Amino acid sequence: MMTTPVKPEIQVVYQRPDSFTDLTTHYCPGCTHGIAHRLVAEVIDEMGLREKSIGVAPVGCSVFAYKYFNMDFVEAAHGRAPAMATGIKRVLPKNTVFTYQGDGDLASIGMAEIIHAAARGENITVIFINNAIYGMTGGQMAPTTLPGMKTTSSPFGRDVELSGYPVRMCEILATMEGAGYIVRRSLHDAKHIRQAKKAIRLAFETQERGLGFAMVELLSSCPTNWEINPHEALDFIAERMVPVFPLGDYKVNEELKH
Amino acid sequence: MPVKGWIEVHDLHCKGCALCVSACPQDVISLDMERLTPKGYHPAHLIADGCTGCAICAIVCPDAAITVYREAPVHPQKAPASA
């Protein structure tokens, strides 16, 4: 009996997603914004939504997100991305509309817009990057800064007597009846990044199936403003941020579970 | 025989953050300290055999700079069972 010799076939296991442009991002080395961008691009590619997707970029480090995604994108005023997305989705209900916002944008100046978008049950997807600091403006204290965490505007650590406690957006938005999918994930290792991608996919499916407001909160790192190296920054997320911002599903529409 | 894989790192995208170096389960990635990219970073590169093409480096890469290849496992094909 003869066996046929077979030449090994070369497979591409992983390559840059099509929804990315060729531009190099302006993010600092090791910043997990890039990972979040990539996951969104991969999910949009896998679901074949690129031609009908409209993104809304915020103000913050991700202000230039529109340059990195190869799809329609608009830039919103600071914190107003959910309001802008509401308008776009209502005028173009067949398009997929998502916002990409940081914690300074969404949890501080944009608090009213995000709460009301969720309360109205706007059928949009929100990707929320929580890195516990204002990155773009130089590392000031954000509403999500951990108690005792040093920032440029709280050099002795966040004093909860003076500046209060961190805001937990998932817990707040999960109380809204209009919300269909509210979860928190982390980007600190490969396993959690895979889980985050599944969550982002479900958040886009929530919108495609018309199940209401969807938000994925991603715990992210800011090595530059935390003043540690990128690897230590990932450890900081796992050791310091996850206890304050517990990972999990805060609200999942019953229909998504099937 | 373990699966053979390899990576290509895009010079313009790699920023030398070394997240792939610490994430690689086979410890075969390191920063190339002899070379600078046009952006001025030391890029990541393979330093030894042993890459299995698991793509964990690409999953943690914040700049989508890594393309991962793998040789498909070879199964010796039996000749058709004819007399």
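This is a predicted model, so every value here is computed, not measured.

Novice: Which parts of the structure should I look at to understand the nonpolar core?
Specialist: For soluble globular proteins, nonpolar side chains are generally found buried alongside one another. Ranked by internal contacts, the top residues of the largest apolar core, which has 55 residues, are Tyr181, Ile200, Phe204, Leu218, Trp226 and Met241 of chain A. Elements with a minimum of two residues in this core: helix H1 (33–47), strand S5 (96–102), strand S6 (125–130), strand S7 (179–186), helix H8 (190–208), strand S8 (213–219) and helix H10 (230–244) of chain A together with helix H2 (56–60) of chain B. With eight residues, the single largest contributor to this core is H1 of chain A. The contact partners of Met241 of chain A, leaving out residues within four places of it in the chain, are Asn130, Asn131, Ala132, Leu146, Leu219, Ser220, Trp226 and Phe236 of chain A.

Novice: How should I be thinking about the interface of chain B and chain A in this particular structure?
Specialist: For an interface, size is often stated in terms of accessible area lost upon the parts coming together. In this complex, chain B contributes 32 residues to the contact, which on the side of chain A involves 35 residues. Interface area for chain B against chain A, summed over the two sides, is near 2,800 Å², with a carbon-plus-sulfur share of 64%. Counting the contacts that link chain B with chain A gives zero salt bridges. Run the count over chain B and chain A and you get 14 residue pairs in polar contact (both at pLDDT 80 or more). Only helix H1 (19–23), H2, strand S4 (66–71) and strand S5 (77–78) of chain B provide two or more residues apiece to the side of chain B that touches chain A. Among the elements that make up the side of chain B that touches chain A, the one with the highest residue count is S4 of chain B (six residues). Looking at the side of chain B that touches chain A residue by residue, the classes come out as 20 nonpolar, six polar and six charged.

Novice: Mind showing me how you'd approach the sheet that holds strand S2 (residues 10–14) of chain A here?
Specialist: Spatial strand order, S2(A)-S4(B)-S1(B): three strands in an open sheet with antiparallel pairing. Each end of this open sheet is capped by a strand with a single partner; those strands are S2 of chain A together with strand S1 (5–9) of chain B. Averaged over all pairs of adjacent strands, the angle between strand axes in this sheet comes to 30°, irrespective of strand direction. Across five bridges, S1 of chain B lies against S4 of chain B in antiparallel orientation. Paired with Val9 of chain B across the strands is Ile66 of chain B, a residue of S4 of chain B.

So, how was this worked out
Residues numbered from 1 in each chain as written. Chains lettered and ligands numbered in written order. Predicted model: local features only at pLDDT ≥ 70, side-chain atom pairs only at ≥ 80, totals over all residues. Heavy atoms only, no water. Core = buried A, V, L, I, M, F, W, Y, C linked by side-chain atoms within 4.5 Å. Buried < 20%, exposed > 50% of the residue type's maximum accessible area, 1.4 Å probe, protein only. Helix = DSSP H or I, 4+ residues; strand = E, 2+ residues; numbered from the N terminus. Contact = heavy atoms within 4.5 Å. Buried area = accessible area lost by both parts, 1.4 Å probe. Salt bridge = Lys/Arg side-chain N within 4 Å of Asp/Glu carboxyl O. Polar contact = N/O pair within 3.5 Å; in protein donor to acceptor, adjacent residues only side chain to side chain. Nonpolar A, V, L, I, M, F, W, Y, C, P; charged D, E, K, R; others polar. Pairing = 2+ DSSP bridges. Axes fitted to C-alpha atoms, helices over the stretch in contact; angles between N-to-C directions.

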